[in-house]
Amino acid sequence: KANMPSLDNYWMPFTANRQFKKSPRLLVSAEGMHYTADDGRQVLDGTAGLWCVNAGHGRRQITSAVERQLATLDFAPSFQMGHPVAFEFAERLAAIAPGGPEAKLDRVFYTGSGSESVDTALKIAIAYQRAIGQGTRTRVIGRERGYHGVGFGGISVGGLVNNRRVFPLLPGADHMRHTHDPARNAFSRGLPEHGADLADDLERMVALHGAETIAAVIVEPVAGSTGVLVPPKGYLERLRDIATRHGILLIFDEVITGFGRLGTPFATDYFGVIPDLVTTAKGLTNGAIPMGAVFAKRDVYDALMTGPEAAIELFHGYTYSGHPAAAAAGLATLDIYESEGLLTRGADLAQEWEDAIFTLKDAPNVIDIRTIGLVAGIELSSRPGAVGARAYDVFVDAFKKGLLIRVTGDVIALSPPLIIEREQIGEIVSVLGDAIKRAE
Ligand code: PMP
């Protein structure tokens, strides 16, 4: 710790980051399933970084591809020109695009992050509506407990309450209700039975605002950052039906669920419901280089690029769209996912994962457990007047004992790298069980 830099200059405003500065936890290296902390301790990664390091840490195939690429072509402008690696990566992505070949969700737009992917998808949706003569459709609808990043687009459709209170939002943005009620969900395995009717809240939005004002509805198929909310049976299907009926585009935000998290390449494949746009980031490059991508349906792409009112004057794109190092990282990541079968490995482990996680159901203060693929949400009751304090204690304690988890409110969220070994599932549950007991 002798060379510890000052913690004063780099900051993020939220409380947990202020607390962290009082007792810093620094990660200095990573390999496979583990981080090494600055005191030399090994920490098992129960969260794949921030839901992104799906193939595990320190993959040399990725780092050497990036190094080679940077040495060959470090940067190429993405406007009026391109470079082959970005096109090669898009071709490979198209081959595994959400929903398979029939879904035709294979037109790829590159961004630099999940938040940029969300902004991009919302802009594409509104521009598409205009291109097909539906220019009054500029409103976007999200869900109460959704998370879509921190751009103005993302906070307009997402549920970051304090952000929504402080900042101006996209005009007309509105929210459907959330999909989760722990009192009714508690300890059910698989998709909860109740509540496909929750999707009818989109009908309520239509009745309230008029379909002719709504461009798109965006949801995470499984909400991650707001507490692992698994949709009730029929929810996404119903959402699709209602959106189609009213000419509203459906956007799945797969920034977390994309790239194998649920045991299928995308949540779109898991649920068999085909949206019009899919946002991704995180696992796209295994977290190694920042990058996002939006998959668009061909008819959306065609309307924007070839239709009678093609949005040729629409300017959208980023300096780092299709960045050579990111595209190279993405290609190497896909090679690993494919050669190691990681995009479906979650399906093989899902039952074992669920059984292991459910052994925590009798631990103190556990009020609900939700699992799907290689994701779990373990909800704790909140201490009176201190939402999040109990889960934060569990987080701090688990880290001391060598396990990285993520907490959001009083929900413990788990999403280990997809290379996890069976013994490591046991280790996560054992450390976590002790930490939950101590956090009484
Ligand atoms: N959408 C979803 C569903 C996310 O989970 C996140 C990040 N956790 C984002 C968007 C934003 O991604 P980023 O932080 O890369 O901007």
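That block above? That's the structure.
Residues numbered from 1 in each chain as written. Predicted model: local features only at pLDDT ≥ 70, side-chain atom pairs only at ≥ 80, totals over all residues.

> Mind showing me how you'd approach the site of the ligand here?
Residues in contact with the ligand amount to 14 residues; listed here are only the nearest, Ser-113, Gly-114, Ser-115, Gly-149 and Val-255. Of all the elements, helix H5 (residues 114-131) adds the most residues to the shell around the ligand, at three residues. Each residue belonging to the shell around the ligand can be placed in one class, and the counts come to five nonpolar, seven polar and two charged. (Near = placed C-beta within 6 Å. Helix = DSSP H or I, 4+ residues; strand = E, 2+ residues; numbered from the N terminus. Nonpolar A, V, L, I, M, F, W, Y, C, P; charged D, E, K, R; others polar.)

> Help me understand the pairing of strand S7 (residues 214-219) in this model?
For a regular strand, side-chain orientation follows a simple rule: the groups alternate between the two sheet faces. Within S7, six of the six residues are buried, leaving the element largely enclosed by the surrounding structure. One ladder, built from three bridges, connects strand S5 (residues 139-143) with S7; its direction is parallel. Across the sheet, Val-140 pairs through a bridge with Ala-216, a residue of S7. Relative to strand S8 (residues 249-253), S7 runs parallel, the two sharing four bridges. Among the inter-strand pairings, Val-219 is bridged to a residue of S8, identified as Phe-252. In terms of handedness, the path from S7 via helix H10 (residues 235-245) over to S8 forms a crossover that is right-handed. (Buried ≥ 20, exposed ≤ 12 C-beta atoms within 10 Å, placed from the backbone. Pairing = 2+ DSSP bridges. Right-handed = clockwise from strand over helix to strand, strands pointing away.)

> I would appreciate a short explanation of the sheet that holds strand S13 (residues 403-404) in the present structure.
Two pairing modes exist for strands in a sheet, parallel and antiparallel, and in both the strands are linked by backbone hydrogen bonds. The strand order across the open sheet built from four strands is S1-S2-S3-S13, with neighbouring strands paired in mixed fashion. Each end of this open sheet is capped by a strand with a single partner; those strands are strand S1 (27-31) and S13.

> What am I meant to see in the nonpolar core here?
Most often, soluble globular proteins have nonpolar side chains that are buried together. Counting 130 residues, the largest nonpolar core has Ala-125, Val-217 and Leu-277 as its most contacted members. Both domains that meet at this core, namely domain 1 (15-55 + 342-438) and domain 2 (66-339), each give it at least three residues. (Core = buried A, V, L, I, M, F, W, Y, C linked by C-beta atoms within 7 Å. Domains from an automatic or database assignment.)

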